[in-house]
Amino acid sequence: LTVMMDGMPATTNVRYVDPGVTIVEFAGRMHTGTNLTTIEDGLMKLIREDGVRKMVLDLANLERIDSAAIGVLVMCVGEMGRQGGQIRLAGPKGMV
């Protein structure tokens, strides 16, 4: 997934580890105005089209996230559950 975050190109890395486990690494800021639709579309593609059923969202390098971005992640968690899979969060920081 390649998205614009705060007007700067940023790459959201997707890694496939262990059988059936996909790690999505976020960096920078994720908030209203950072093209959340692109992030949502990319995550939904992994779930719906690519058949990912075990996903880890690595938030360790995420500097800031707002309620709109959290809403996108919650929607993805819901879709993953409907598809019979699970999403886990890794490395979230305190206040965002």
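Reading the values: rules and limits
- As a convention, each chain's residues are numbered from 1 in the sequence order in which they are written.
- It should be noted that, the model being predicted, local features are given only for residues of pLDDT at least 70 and side-chain atom pairs only at 80 or more, the latter also being counted only at that level, while totals for whole chains, interfaces and linings use all residues.
- As a convention, hydrogens and water are excluded, and side-chain values are obtained from all of the structure's heavy atoms.
- Only DSSP runs of H or I reaching four residues or more are called helices, and only runs of E reaching two or more are called strands; each is numbered from the N terminus.
- Relative accessibility under 20% of the residue-type maximum defines a buried residue, over 50% an exposed one, and the middle range a partly exposed one, all with a 1.4 Å probe and only protein chains included.
- In what follows, residue pairs with any heavy atoms lying within 4.5 Å of each other are defined as contacts.
- Methods summary: accessible areas were calculated by the Shrake-Rupley approach with a probe of 1.4 Å, and residue burial reflects only the protein chains presented.
- The quantity known as pLDDT measures the predictor's confidence residue by residue, on a range of 0 to 100.
- Lining residues are defined by having an atom within 4 Å of a point belonging to a cavity or pocket. Those points lie on a 1 Å grid over the protein atoms alone, cavities being sets where a 1.4 Å probe fits but cannot get out and pockets being open sets with protein on both sides within 12 Å along at least five of seven lines.
- Grid points are joined across faces, edges and corners, and a volume is the space filled by probe spheres set on the points.
- Gly is put with the polar residues, along with every residue not named as nonpolar or charged; the nonpolar set is Ala, Val, Leu, Ile, Met, Phe, Trp, Tyr, Cys and Pro, and the charged set is Asp, Glu, Lys and Arg.
- Here an axis means a line fitted to C-alpha atoms, over the contact stretch when the element is a helix, while the angle between two N-to-C directions is reported on a 0 to 180 degree scale.
- An angle counts as roughly parallel when it lies under 35 degrees, as roughly antiparallel when it exceeds 145, as roughly perpendicular when it falls between 65 and 115, and as oblique in every other case.
- If you view the pair so one helix is near and one far, a crossing is left-handed when the near helix is turned anticlockwise from the far one by less than a right angle, and right-handed when it is turned clockwise.

Description of the overall build of the protein chain
Then, in step 1: Within the protein chain one finds two helices and six strands.
Then, in step 2: Tracing the protein chain from N to C terminus, the helices and strands come up as β-β-β-β-α-β-α-β.
Then, in step 3: Relative to its 96 residues, the protein chain shows a buried fraction of 38%.
Then, in step 4: Pairs at least 24 apart in sequence give 69% of the contacts found in the protein chain among residues at least 6 apart.
Then, in step 5: Split by element, the accessible area of the protein chain, about 5500 Å² in all, is 54% carbon and sulfur.

Thoughts on the confidence of the model for the protein chain
Then, in step 1: For the protein chain, the mean per-residue pLDDT works out to 84, and 85% of the residues sit at or above 70.
Then, in step 2: Averaged pLDDT values for the elements of the protein chain fall to 44 in strand β2 (residues 8-11) and rise to 96 in strand β6 (residues 86-90).
Then, in step 3: A low-confidence stretch, residues 2-10 (pLDDT under 50), is modelled with 21 contacts involving residues beyond four sequence positions or located in other chains.

Here we look at the layout of surface pockets
Then, in step 1: When its volume is computed, the largest pocket comes out at roughly 200 Å³.
Then, in step 2: What lines the largest pocket is a set of eleven residues, and nearest its centre among them are L59, I65, I70, L73 and L89.
Then, in step 3: Contributions of two or more residues to the lining of the largest pocket are made by β5 (54-65) and α2 (67-82).
Then, in step 4: If you tally residues by element for the lining of the largest pocket, the top one is α2, at four residues.
Then, in step 5: Among the residues forming the lining of the largest pocket, the class breakdown is ten nonpolar, no polar and one charged.

Details of the packing of helix α1 (residues 36-48) against α2
Then, in step 1: At their nearest, the axes of α1 and α2 sit 10 Å apart, and the two run at 15 degrees to each other. What the angle tells us is that α1 and α2 run roughly parallel. Judged by the twist between their axes, the crossing of α1 over α2 is right-handed. Residues L36, E40, L43, M44, I47 and R48 of α1 form the contact with α2, whose participating residues are A68, A69, V72, L73, M75, C76, E79 and M80.
Then, in step 2: Of the residues that constitute the contact of α1 with α2, the class distribution is eleven nonpolar, no polar and three charged.

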